[in-house]
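# Summary of the model geometry
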Amino acid sequence: MATDVTDQTLQVLKDHGLRVTPQRHIILSYLASHHNHPSVEMIRVALSKKLPNLGAATIYNTLNTFVDLGIVVELQNGDGSTHYDYFGTPHYHAICTNCGRITDVSYPNFNQVERQLEAKTAELTGYLISGNHMEVYGLCPDCQKKLRVNKEAIQ
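Notes on the structure in this doc start here. (Residues numbered from 1 in each chain as written. Predicted model: local features only at pLDDT ≥ 70, side-chain atom pairs only at ≥ 80, totals over all residues. Heavy atoms only, no water.)

## A few points about the side chain of Ser29
Just so we agree on the cut-off: Labels follow the DSSP assignment, with helices taken as runs of H or I lasting at least four residues and strands as runs of E lasting at least two, numbered in each case from the N terminus. In protein, a polar contact means a hydrogen-donor-capable atom and an acceptor-capable atom, both N or O and within 3.5 Å, with residues adjacent in sequence counting only if both atoms are side-chain atoms; elsewhere, any N or O pair within 3.5 Å suffices. The contact criterion used throughout is that any non-hydrogen atoms of two residues lie within 4.5 Å.
Structurally, the position occupied by Ser29 is in helix H2 (residues 22-33). In terms of polar contacts, Ser29 uses its side chain to reach the side chain of Thr9, at 2.9 Å. Every residue in contact with Ser29, bar those within four places of it in the chain, is listed here: Val5, Thr6 and Thr9.

Right under this line is the structure:
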């Protein structure tokens, strides 16, 4: 699998016209193979053995490039920190309002739903839509248990 991710991310960088550097490749490979929605610090710590001189500024700059190109999405979780997600497969996010946990949610025909949402938004507002990012908020199952909240109490 590592080879698949390595090959896939190498191709993504080339497809977007980016110069392939070890830093860009290892950061994108990490995001593509880990679905933990890491922060810059989490990425720095995780990659420190492979690239000990990889600094936070390089990671920020690389991620900003990826975000600008739509390769990666930037997520704000409940604690105000910024996390990142490789957007190789279309999905949306469920974010816990208590602990900040971010969960990927795949949905059949998600691309079609997104296109319809964008078209309707353009029609209703006159905006020229350049993209979207869907998030839903609530309490994750762990926090529901910790807080002793049952689903019936919310509905």
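Back to the write-up after that little detour.
## Points about the sheet that holds strand E5 (residues 135-138)
Condition: Think of it this way: DSSP has to see at least two bridges between two strands before they count as a pair. Fitting a line to C-alpha atoms yields each axis, with helices limited to the stretch in contact; the angle taken between N-to-C directions then spans 0 to 180 degrees.
Strand order in the open sheet formed by 3 strands is E4-E3-E5, and the pairing between neighbours is mixed. Both edges of this open sheet fall to strand E4 (102-105) and E5, since each of them pairs with a single strand only. On average, each strand axis in the sheet is inclined to that of its neighbour by 25 degrees, with strand direction left out of account. When strand E3 (residues 92-96) meets E5, the two strands line up parallel, connected through 4 bridges. Of the residues in E5, the one forming a bridge with Cys96 is Gly138.

## Here's the deal with the environment of Arg24
Tracing the chain through its elements places Arg24 in helix H2. When neighbours within four sequence positions are excluded, Arg24 is seen to be in contact with Leu13, Leu18, Arg19, Thr62 and Phe66.

## Notes on the pattern of salt bridges
Here is the rule we go by: Here a salt bridge means any side-chain nitrogen of Lys or Arg lying within 4 Å of a carboxyl oxygen belonging to Asp or Glu.
Overall, the coordinates contain 3 salt bridges when judged by the stated rule. For Arg44, the salt bridge identified is with Glu41, shortest N-O distance 2.6 Å. Of this pair, Arg44 and Glu41 both sit in helix H3 (residues 40-47), 3 residues apart, which is roughly one turn of that helix. Note that Asp142 is salt-bridged to Arg101, the shortest N-O span being 3.4 Å. Of this pair, Asp142 sits in helix H6 (residues 141-146) while Arg101 sits in the loop between E3 and E4, placing them 41 residues apart in sequence.

## Focus: unusual backbone geometry
Trans is the prevailing form of peptide bonds, just as negative phi is the prevailing case for residues other than glycine. Positive phi, normally seen in glycine, also occurs at His37, with a value near 50 degrees. If you trace the backbone, His37 turns up in the loop between H2 and H3. Backbone geometry places Asn109, a non-glycine residue, at a positive phi of 60 degrees. For Asn109, the position within the fold is in the loop between E4 and helix H5 (110-125).

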